[in-house]
Amino acid sequence: MKKQIIGGLAAVVMTMSFMTGCNTASTGSKGVKASGNTVKIGVNMELSGGAGGYGNQQKQGIQLAVDEINHHGGVKINGHKQKIKAIIKDNKSATSTSASVAAQLTNNDKVTSIVGPATTSAGTAQTPNITKAAVPAVSPSATDPGFTMQKNGKVQPYVFRACYQNDFQGSTAAKFAAENLKAKKVAVLTDNSSDYGTGLAKAFKKAFPGEIAASQTFAEGDKDFNAVLTSFKSKNVDAIYVPGYYSEVGLIIKQARQAGIKVPIIGTDGMADPKLAKIAGAQNASNVYYTTPFSIIQAQKSTTARRFMTAYHKRYHQEAPTFSALAYDSVYMIKNAIEKENSADSTKIAAGLAKVKNYKGVTGSITIDKHHNATKPIAIESLKNGKVADSVAIK
């Protein structure tokens, strides 16, 4: 996911490195060398600002994973278990702050891996600093297709993600609209404030086999969508595709239903937040669908996911949201990389992350491809009266 607020939607940051009581992790000629008997984890996260809602969910998933790992002794290196210490910093949903936080985590805190940020913009902003330090970062939710790639077409060596890309998400929604909802004519209302919205709209339009009867845009912070929705209603569309975030999409759903538009409204993982129904009004949030990497219904089929959901509910007294699940998996991907490489040195962790294959996470089986993207399952959840009523796994 990407959000260009003052920063963007892309991902949570976590870093790992050893430290002694004096924090003696050192920076070698290439990468940060771990030392001591504690693994430091740095978190570069949108905890305030426009993406703060996503970032705080991811922070909860990170903290749950770290505490869980420590409860079982920590990460295993050379036959010994090392506890984890999380170092959490707020990038304030600002790209400049995200870059600064990454520099602090790698240069001052000497972390050897990072989880985050939540957004593509903030994640992209930190890339030069983590590349210079040779410290890998896993974004739980940066979905822009180019996030892990350099301009010359080569992969960013220290950038990874735990989620799928926008083109896959957009094309999946198009297939669902045509095959499951039998829509022949759709309207597209795009958040053009970010590459997140525009990228998803482009992928949807390319993959949808029917007619795109209308295509309009909106910007982050817009409140009144009545004119656009009235034009859609006049075209008798079978569905509306709205790639954007819950803050605006909630209002779009509310105003559409108030205008008598009853057709399905289809969206993206940016809608996977309980606040969507609060903004739209529960009575309006029916016949609403969105793509998601974590479905609480599909997750019931997985022992790993059920354990996570039980632990999350016990700790936070609420159902586990998508972004907490993605961040939780991001921490465990780093743990897996450390243990596979038998080292918490940053370049070794990067090598381990690039080799992740069929890792059984709470969001499904995860494999990192040659471009550092996660290949994994996708689902589409439906809402009825503001609650998740059903879920379809898309292959």
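The rules we used
- Residues numbered from 1 in each chain as written.
- Predicted model: local features only at pLDDT ≥ 70, side-chain atom pairs only at ≥ 80, totals over all residues.
- Heavy atoms only, no water.
- Pairing = 2+ DSSP bridges.
- Helix = DSSP H or I, 4+ residues; strand = E, 2+ residues; numbered from the N terminus.
- Axes fitted to C-alpha atoms, helices over the stretch in contact; angles between N-to-C directions.
- Contact = heavy atoms within 4.5 Å.
- Salt bridge = Lys/Arg side-chain N within 4 Å of Asp/Glu carboxyl O.
- Buried < 20%, exposed > 50% of the residue type's maximum accessible area, 1.4 Å probe, protein only.

(A) Quick peek at the sheet that holds strand 20 (residues 378-384). With respect to topology, 7 strands assemble into an open sheet ordered 13-12-14-15-16-20-21, the strand pairing being mixed. Two strands bound the open sheet, and with one partner strand each, they are strand 13 (211-218) and strand 21 (387-394). With strand direction ignored, the average angle separating the axes of adjacent strands in the sheet is 20 degrees. Strand direction decides the pairing type here: strand 15 (residues 265-267) and strand 16 (residues 288-292), joined by 3 bridges, are parallel. Each residue of the ladder has a partner; that of Gly 267, found in strand 16, is Tyr 290. Packing against the sheet, helix 7 (residues 246-258) makes contact with strand 12 (185-191), strand 13, strand 15 and strand 16, and its axis sits at approximately 175 degrees to strand 15.

(B) View of the sheet that holds strand 19 (residues 374-375). If you trace the 3 strands from one edge of the open sheet to the other, you get 17-18-19, paired in antiparallel fashion. Across the chains shown, the open sheet's two edge strands, defined by having one partner strand only, are strand 17 (359-361) and strand 19. With 3 bridges joining them, strand 17 and strand 18 (residues 364-368) adopt antiparallel strand pairing. In the sheet register, Tyr 359 faces strand 18, and the bridge partner there is Ile 366.

(C) Main features of the pattern of salt bridges. Overall, the coordinates contain 5 salt bridges when judged by the stated rule. The residue Arg 315 makes a salt bridge to Asp 67 at a minimum N-O spacing of 2.6 Å. Of this pair, Arg 315 sits in helix 10 (residues 303-316) while Asp 67 sits in helix 1 (residues 52-71); the two residues are 248 residues apart in sequence, bridging distant segments of the chain. Judged by its relative accessible area of 33%, Arg 315 falls in the partly exposed class. A salt bridge links Asp 273 to Lys 275; its shortest N-O distance comes to 3.8 Å. Since its relative accessible area comes to 7%, Asp 273 is described here as buried. Lys 275 gets classed as partly exposed once you look at its relative accessible area, which sits at 35%.

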